[in-house]
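Structure at a glance
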Amino acid sequence: MSAIVEVRRLNKSFGSVAALSDVNFRLEPGKIYGLLGRNGAGKTTLMHLLTAQNFATSGEIRVFGEEPYENEKVLSRICFIKESQKYPDTFRVKDVFQAASEIFANWDWEFAYSLAEDFRLPLNRLVKKLSRGMLSSVGIVVGLASRAPLTIFDEPYLGLDAVARSLFYDRLIEDYGENPRTVILSTHLIDEVSKLLEHVLVIDGGKLILDEETDELRGRAYSVAGPADKVEAFAKGKRVIHREPFGGLTSASILGSGTGTDREEAARSGLEIAPVSLQQLIVHLTRTDRPSGQGRE
Ligand SMILES: Nc1ncnc2c1ncn2[C@@H]1O[C@H](COP(=O)(O)OP(=O)(O)OP(=O)(O)O)[C@@H](O)[C@H]1O
């Protein structure tokens, strides 16, 4: 299958700061990717390179099989929604939609209007007079209604309340079902989006430390919950990556797939075994107190 994005030996430095170091990956068509990592990891830098908003120091980038730089054919098929998007002062919400409709071949006005209603966006209001959350909603509507073959959301929901965020996830998943495309979602709200993500890329200190299907990743750890003393007895000798006490109970996240013997032991102790949260796994993989080079376990 031909890749939507192919990145080889990609490096980007800003002076002495190596924002990206030897990054290699491919993105397949029709998948939702999570691009995750801590502050300053290199996510925005990578998205800027993919969308030709900056030049790589070295390495290769192919988007739809071609170099993206000054390549209208490629760039017209990418919709990049970023937190800090600026609009002309005179633009009303409907002007943003009009401009987007002229850029993106698959733009769907009906969908845009229905999303604007869902997000309670006043079409005639000047964009500069919108609240922070409403401004984020404008970006989300553009990102969804453009139906660009490669849609990239970089922390798209600054100021958005939980209801609006959940609306975004619902509309994205519904529309993606009917109109498959490749989506990259970069966010710190990992648990919120974990159900959407089919594949996860994690960057840490400019290096790609994880490139894995979400389901496989979830199989790398499990959580066990019950009375604190029983959980501790079960966890003894195992690699605990997170502990969360609640009342007299504890939940511990443990590395490993949880063998049949583990499960029998947990059942005998009356402990509940469940899949681990994606967020806990990623936090574990990107913690600074881990010895270096342990990203790929
Ligand atoms: N224009 C620039 N000039 C100098 N350094 C930069 C520039 N842009 C990014 N950097 C540095 O590159 C590194 C990666 O930054 P980047 O913005 O890509 O991180 P990020 O993963 O998007 O972070 P966040 O989650 O906080 O948005 C950081 O150390 C940052 O300070």
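Residues numbered from 1 in each chain as written. Predicted model: local features only at pLDDT ≥ 70, side-chain atom pairs only at ≥ 80, totals over all residues.

You'll find the protein chain entered in an unreviewed UniProt entry as ABC transporter ATP-binding protein, with Cohnella xylanilytica given as the organism.

Points about the site of the ligand
What surrounds the ligand is the set Phe14, Val17, Ala19, Gly37, Asn39, Gly40, Ala41, Gly42, Lys43, Thr44 and Thr45. For the shell around the ligand, the secondary-structure elements that each account for two or more residues are β2 (17-27) and α1 (43-50). Considering only residue class, the shell around the ligand consists of four nonpolar, six polar and one charged. (Near = placed C-beta within 6 Å. Helix = DSSP H or I, 4+ residues; strand = E, 2+ residues; numbered from the N terminus. Nonpolar A, V, L, I, M, F, W, Y, C, P; charged D, E, K, R; others polar.)

What about the nonpolar core?
Among the nonpolar cores identified, the biggest contains 76 residues, and Tyr33 and Val141 are the most heavily contacted of them. Per-element tally for this core: the top contributor is helix α5 (residues 132-145), with seven residues. Counting residues domain by domain, this core receives three or more from each of domain 1 (5-217) and domain 2 (221-275). Not counting residues within four places of it along the chain, the set of residues in contact with Tyr33 comprises Leu27, Val183, Ile184, Leu185, Leu197, His199 and Leu201. (Core = buried A, V, L, I, M, F, W, Y, C linked by C-beta atoms within 7 Å. Buried ≥ 20, exposed ≤ 12 C-beta atoms within 10 Å, placed from the backbone. Domains from an automatic or database assignment. Contact = placed C-beta atoms within 7 Å.)

Brief notes about α1
Restricting attention to buried positions, one finds in α1 the residues Lys43, Thr45, Leu46, Leu49 and Leu50. Looking down the long axis of α1, one finds its buried residues gathered within 165° of arc, a one-sided arrangement. Buried residues along α1 sit against β1 (5-14), β2, β3 (32-36), β4 (58-63), β7 (182-186) and β8 (199-204). Taken from the residues just after α1, Ala52 is the one with a positive phi, measuring 60°. (Arc of directions from axis to C-beta.)

Quick notes on the UniProt feature "domain: ABC transporter" (unreviewed entry) in the protein chain
Following the UniProt record, one finds the feature "domain: ABC transporter" (unreviewed entry) at residues 5-230. Secondary structure across residues 5-230 comprises 34% helix and 30% strand; the distance between its end C-alpha atoms is 48 Å. (UniProt positions renumbered as here; feature names shortened; annotations may be inferred.)

Details of the domain arrangement of the protein chain
The domains assigned to the protein chain are domain 1 (5-217) and domain 2 (221-275). Relative placement of domain 1 and domain 2: their C-alpha centres are 37 Å apart.

A look at the packing of helix α4 (residues 109-118) against α5
Running from amino to carboxyl end, α4 crosses α5 at an angle of 150°, the nearest separation of the two axes being 9 Å. Between α4 and α5, the angle falls in the class roughly antiparallel. When you trace α4 past α5, the crossing you get is right-handed. For the pair α4 and α5, the contacting residues are Phe111, Ala112, Leu115 and Ala116 in the first and Val141, Leu144 and Ala145 in the second. Residue composition of the contact of α4 with α5, grouped by class: seven nonpolar, no polar and no charged. (Axes fitted to C-alpha atoms, helices over the stretch in contact; angles between N-to-C directions. Parallel < 35°, antiparallel > 145°, perpendicular 65-115°, else oblique. Left-handed = near helix turned anticlockwise from the far one by under 90°.)

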